[in-house]
Amino acid sequence: MTHELNNPFWRPRLKQFARRLRLIENNTDYTRFIVLGRSRTGSNFLRGLLNSHPQIVTFGELFRNYDTVDWAYANYRQTEAMMAQMQSDPVGFMEQEIFGRFPDEIRAVGFKIFYYHARANGWERLWAQLEATKPLRVIHIKRRNMLKTHVSRKRAAQTDIWTDTTGSARAAQPLILDYAECLADFERTRAWEAEYDARFADHPLLEIIYEDLARDDEREMRRVQDFLNVAYQDLKPDTFRQSGESLQRAIANYDELRAQFAGTPWEAFFES
């Protein structure tokens, strides 16, 4: 039995169970944070880097799905009681299960949440609680080139591959993009960014730009670790970029689309 308990698969589950019952020495004196943003801006890349730090726990998109607890962390599991609490009392679930008690070595705990999460099923009050929790730190991840965000989302929908954990190259057909759909996506994303910067303006807030993170993750993660008040570690991601292809190769109607956006605030997206 001792050999089974030492199995790496069971250790996180046993810790989760033990801390719920307060059977192990634990603490609540750690930095609480969220990773705020939208899809296809590098949030999984950032979360993988964060979770390679022994003092940080970063859960997944917990309030994306109503019917499952998407812990996305180290064999954490859900129970019927846990899921029922998440559905009926998201604020209580957050305080008890996400920001509960952790082993003493954990110094920062957070989770991912996108602008459009927790907008139905009575979950809207979660946002009011996040805004009211002033010690909460906010890592706001953005992507400078919104066209690449749009292409990435379309490509993931085309291939049904949303996260790459292997680094295997995959060929895909060029996309035909609609001008009006691109424009609406750019405007919506820019509005979300401005709205949530304003909503969390009185919180400690760190802006991370995906392009900067991808170019020099060591420098950017130094900033993040300072922000979260954890000891510096050299961090390693657990995901890969899904495509390094140029926009010209990814978009079948690139020249037409570029001409349509010429002279607009979005024309710079076609220059990189």
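For the structure, see preceding data.
Here the structure is a predicted model, which is why all the values come from computation and not from measurement.

### Structural notes on the overall build of the chain
Helices and strands together make up the secondary structure of the chain, namely twelve helices and seven strands. Residue burial in the chain is summarised as follows: out of 272 residues, 46% are buried. Taking the contacts inside the chain whose residues are at least 6 apart along the sequence as the reference set, 75% of them involve residues at least 24 apart. For the chain, the accessible surface area stands at approximately 13,700 Å², while carbon and sulfur atoms represent 49% of it.

### Some details on the pattern of salt bridges
One pass over the full model with this rule turns up 20 salt bridges. Here Lys134 and Asp202 are joined by a salt bridge, their closest N and O atoms 3.6 Å apart. Here the residue Lys134 occupies a position in the loop between helix 6 (125-132) and strand 6 (137-142), and Asp202 occupies one in the loop between helix 8 (179-199) and strand 7 (205-209), the gap between them amounting to 68 residues. Residue Arg190 pairs with Glu193 through a salt bridge whose shortest N-O separation is 3.7 Å. Taken together, the residues span about one helical turn, with Arg190 and Glu193 both in helix 8 at a distance of three residues. Through salt bridges with shared partners, a single network forms among Arg38, Arg153, Asp185 and Arg188.

### Digging into the environment of Glu207
On the secondary structure map, Glu207 appears in strand 7. Judged by its relative accessible area of 36%, Glu207 is partly exposed. Along the sequence, Glu207 and His140 sit 67 residues apart, while their C-alpha atoms lie 4.8 Å from each other. Look past the residues within four positions of Glu207 in its chain and what remains in contact with it is His140, Lys142 and Arg223. A polar contact is formed between the side chain of Glu207 and the side chain of Lys142, at a distance of 2.6 Å.

### Focus on the sheet that holds strand 6
Strands sit in the order 3-5-2-6-7 across an open sheet of five strands; the sheet is parallel. Only two strands of the sheet have a single partner each, and these edge strands are strand 3 (56-61) and strand 7. On average, each strand axis in the sheet is tilted by 20 degrees relative to the strand beside it, whichever way the strands run. Relative to strand 6, strand 2 (residues 31-37) runs parallel, the two being bridged by four bridges. Bridge assignment links Phe33 to a residue of strand 6, and that residue is Arg137. Running at roughly 135 degrees to strand 5 (residues 108-114), helix 6 makes contact with strand 2 and strand 5 of the sheet.

### Examining helix 10 (residues 217-228)
Under the 1.5 Å per step criterion, the end-to-end length of helix 10 is 16 Å for twelve residues, consistent within 8% with the ideal 16 Å. Every buried residue of helix 10 is accounted for by Glu220, Met221, Val224, Gln225, Phe227 and Leu228. Along the axis of helix 10, the buried positions cluster into a sector of 155 degrees, meaning they face one direction only. Positive backbone phi, at 60 degrees, marks Asn229, one or two positions downstream of helix 10.

### Quick notes on the nonpolar core
Soluble globular proteins: nonpolar side chains tend toward being buried together. Residues Phe59, Phe63, Ile98, Phe111 and Leu130 are the most contacted members of the largest nonpolar core, which totals 34 residues. Leaving out residues up to four positions away in the same chain, Phe63 has contacts with Met86, Pro90, Phe93, Ile98, Phe111, His117, Ala118, Trp123 and Leu126. Counting residues in hydrophobic clusters, the runner-up holds 20 residues, among them Ile56, Leu206, Leu213 and Val224.

### Some remarks on the packing of aromatic side chains
Under the criterion given, the structure shown has 24 aromatic pairs. Between Phe63 and Phe111, the ring centres sit 5.8 Å apart and the planes meet at 65 degrees, which makes this aromatic pair edge-to-face. Of this pair, Phe63 sits in the loop between strand 3 and helix 4 (80-88) while Phe111 sits in strand 5, placing them 48 residues apart in sequence. The exposure class assigned to Phe111 is buried, which follows from its relative accessible area of 0%.

So, how was this worked out
Residues numbered from 1 in each chain as written. Predicted model: local features only at pLDDT ≥ 70, side-chain atom pairs only at ≥ 80, totals over all residues. Heavy atoms only, no water. Helix = DSSP H or I, 4+ residues; strand = E, 2+ residues; numbered from the N terminus. Buried < 20%, exposed > 50% of the residue type's maximum accessible area, 1.4 Å probe, protein only. Contact = heavy atoms within 4.5 Å. Areas by Shrake-Rupley, 256 points an atom, 1.4 Å probe, with all protein chains shown as cover. Salt bridge = Lys/Arg side-chain N within 4 Å of Asp/Glu carboxyl O. Polar contact = N/O pair within 3.5 Å; in protein donor to acceptor, adjacent residues only side chain to side chain. Pairing = 2+ DSSP bridges. Axes fitted to C-alpha atoms, helices over the stretch in contact; angles between N-to-C directions. Expected span 1.5 Å × (residues − 1). Arc of directions from axis to C-beta. Core = buried A, V, L, I, M, F, W, Y, C linked by side-chain atoms within 4.5 Å. Phe/Tyr/Trp six-rings, centres within 6.5 Å; stacked < 30°, edge-to-face > 60°.

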